[in-house]
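# Understanding the architecture of this molecule
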Amino acid sequence: MSLLLGTTITVSSNHWMMAWTGLEINTLAIIPLISKSHHPRAIEAATKYFLTQAAASALLLFSSMTNAWFTGQWDITQLTHPTSCLLLTTAVSIKLGLTPFHFWFPEVLQGSSMTTGLLLATLMKFPPTALLVLTSPSLNPTLLTTMAIASAALGGWMGLNQTQIRKILAFSSISHLGWMTIILLYNPKLTLLTFYLYCLMTSAIFLALNTTKITNLATMMTAWTKIPPLAATLMLALLSLAGLPPLTGFLPKWLIIQELTKQEMTPVATTIALLSLLGLFFYLRLAYCATITLPPNSSNHMKQWQTNKSVRIPISTLISLSIMLLPLSPMIFATT
């Protein structure tokens, strides 16, 4: 309830103090969820998360106070002072995990459970993204573009040599944040569309991994012995998250490249498209391990042909949407 309250306060507020209050409620609400397993790794993740988010919140409050000092405005959309804009970009980048402030996110996600990791990768990123969208006219285009390309590059490179699924999904999140940030100044609606589709695909993958109890590449090889249909659809969901056509994940990349080309930023569009191929490689490796590779030893798992219905319906709905939403793109164009 506190997570939902904090998110709602930040997204619906027009005053910097209320936005800061919502972010603080969010931070304090997620810490017990990260540390609930009482494992030393979980406590370490909760500590790292708290220190990073507290520093980012203090920086955001300092940014808004600086803006109010020079302009007399506490309105979120009236961020006009250059120093305040720079401080705000830094604070929100730390909260989101954009490069070069990405260091905390993979470690925290690795120390959390799958369900908490899902909240960290989706719901917790919504308030900072909303603040970026609201203040987008005031932000520095060169800084945002540099951070976006660096995020896409680092998310791809660092994900290549990982064997832990949660760390791979963390670097995938950093890479997707790069795509969201690069189009922010030119089409904020497209940033939100990319974020919504990313949340949809990530939710499907996290829930499927939680159901099959997969944590690394070795256990992923035995996924097909547990629930064969889920393993097959999980492969498609992973390829969709990679942005492979004609799956849902291709839609935001397609629209972003189209918009960047319209803005005469063809070199930038080419660079970020090529960097997404790095991510595609480790997604293909995950899909390969999930469906084609046999484990080196025999599996003792019983096949779960009948899964719990309360689990089966949401996962099947989310995976279906994350795979087959691309044909609905004309309807999205019509509404926007």
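Conventions adopted
Residues numbered from 1 in each chain as written. Predicted model: local features only at pLDDT ≥ 70, side-chain atom pairs only at ≥ 80, totals over all residues. Heavy atoms only, no water. Salt bridge = Lys/Arg side-chain N within 4 Å of Asp/Glu carboxyl O. Helix = DSSP H or I, 4+ residues; strand = E, 2+ residues; numbered from the N terminus. Buried < 20%, exposed > 50% of the residue type's maximum accessible area, 1.4 Å probe, protein only. Axes fitted to C-alpha atoms, helices over the stretch in contact; angles between N-to-C directions. Parallel < 35°, antiparallel > 145°, perpendicular 65-115°, else oblique. Left-handed = near helix turned anticlockwise from the far one by under 90°. Contact = heavy atoms within 4.5 Å. Nonpolar A, V, L, I, M, F, W, Y, C, P; charged D, E, K, R; others polar. Core = buried A, V, L, I, M, F, W, Y, C linked by side-chain atoms within 4.5 Å. Domains from an automatic or database assignment. 1 Å grid on protein atoms, 1.4 Å probe; cavity = no way out; pocket = protein on both sides within 12 Å on 5 of 7 lines; lining within 4 Å. Points joined across faces, edges and corners; volume = space filled by probe spheres on them. Phe/Tyr/Trp six-rings, centres within 6.5 Å; stacked < 30°, edge-to-face > 60°. Lys NZ or Arg CZ within 6 Å of the ring centre and 35° of its normal.

## Structural notes on the pattern of salt bridges
Applying the stated criterion to the full structure yields four salt bridges. For Arg41, the salt bridge is made with Glu107, and the minimal N-O distance between the two is 3.2 Å. Taken together, the positions of Arg41 in helix α3 (residues 40–71) and Glu107 in helix α5 (residues 104–111) put the pair 66 residues apart, joining distant regions of the chain. Residue class for Glu107 comes out partly exposed when judged on its relative accessible area of 25%. Note that Lys167 is salt-bridged to Glu107, the shortest N-O span being 3.4 Å. Taken together, the residues Lys167 in helix α9 (residues 165–182) and Glu107 in helix α5 connect sequence positions 60 residues apart.

## Some thoughts on the packing of helix α2 (residues 16–34) against helix α7 (residues 126–135)
Packing of α2 against α7 brings their axes to within 11 Å, and their N-to-C directions diverge by 160 degrees. Taken together, the axes of α2 and α7 lie roughly antiparallel to each other. Crossing of α2 over α7 shows left-handed handedness. Residues Trp16, Ala19, Leu23 and Asn26 of α2 pack against Pro127, Pro128, Leu131 and Thr135 of α7. Here the residues of the contact of α2 with α7 are counted per class, giving six nonpolar, two polar and no charged.

## A few points about the nonpolar core
Counting 102 residues, the largest nonpolar core has Tyr49, Leu120, Leu209 and Met220 as its most contacted members. Residue contributions to this core peak at 13 residues, all from helix α10 (residues 188–212). Counting residues domain by domain, this core receives three or more from each of domain 1 (1–139) and domain 2 (140–335).

## A short note on the environment of Pro127
Among the secondary structure elements, Pro127 is positioned in helix α7. Pro127 sits in the buried class, given a relative accessible area of 0%. For the pair Pro127 and Ser316, spaced 189 residues apart in the sequence, the C-alpha separation amounts to 28 Å.

## Side note on the side chain of Ser63
Tracing the backbone through its elements, the reader meets Ser63 in helix α3. On the basis of relative accessible area, Ser63 is assigned to the buried category, the value being 0%. Once you skip the residues sitting within four places of it in the chain, Ser63 turns out to touch Leu79, Ser84, Leu87 and Leu88.

## Things to note about empty space enclosed by the protein
Rolling a probe over the atoms, with the probe sized like a water molecule, indicates the empty space that remains. Per the stated rule, a full pass over the model turns up four cavities of 30 Å³ or more. Taken as a whole, the largest cavity encloses approximately 100 Å³ of empty space. In terms of lining, the largest cavity is formed by 14 residues, of which the most central are Tyr49, Gln53, Lys95, Met124 and Pro128. With three residues, the top contributor of residues to the lining of the largest cavity is α2. The residue makeup of the lining of the largest cavity, split by class, is nine nonpolar, three polar and two charged. As a volume, the second largest cavity reaches approximately 70 Å³. Within the residue set of the lining of the second largest cavity, elements represented by two or more residues are α9, α13 (228–242) and α15 (266–291). Across the lining of the second largest cavity, the residue classes tally to four nonpolar, five polar and one charged.

## Focus on the packing of aromatic side chains
Evaluation of the coordinates by the stated rule reveals seven aromatic pairs. A ring pair is formed by Phe126 and Phe195, whose centres lie 5.7 Å apart and whose planes are at 10 degrees; its orientation type is stacked. One end of the pair, Phe126, is in helix α7; the other, Phe195, is in helix α10, with 69 residues separating them in the sequence. What makes Phe195 buried here is its relative accessible area of 2%. An angle of 10 degrees between the planes, with centres 5.9 Å apart, marks the rings of Phe250 and Trp254 as stacked. Of this pair, Phe250 and Trp254 both sit in helix α14 (residues 250–262), separated by four residues, roughly a single helical turn. By relative accessible area, which is 25% here, Phe250 ends up partly exposed. Taking relative accessible area as the criterion, Trp254 reaches 38% and is therefore assigned partly exposed. Members of the aromatic cluster, joined through ring pairs, are Tyr49, Trp104 and Phe105. Here Lys125 stacks its cationic end above the ring of Phe105, 3.9 Å away from the centre of that ring. Lys253 extends its terminal NZ or CZ atom over the ring of Trp179, reaching a point 5.1 Å from the ring centre.

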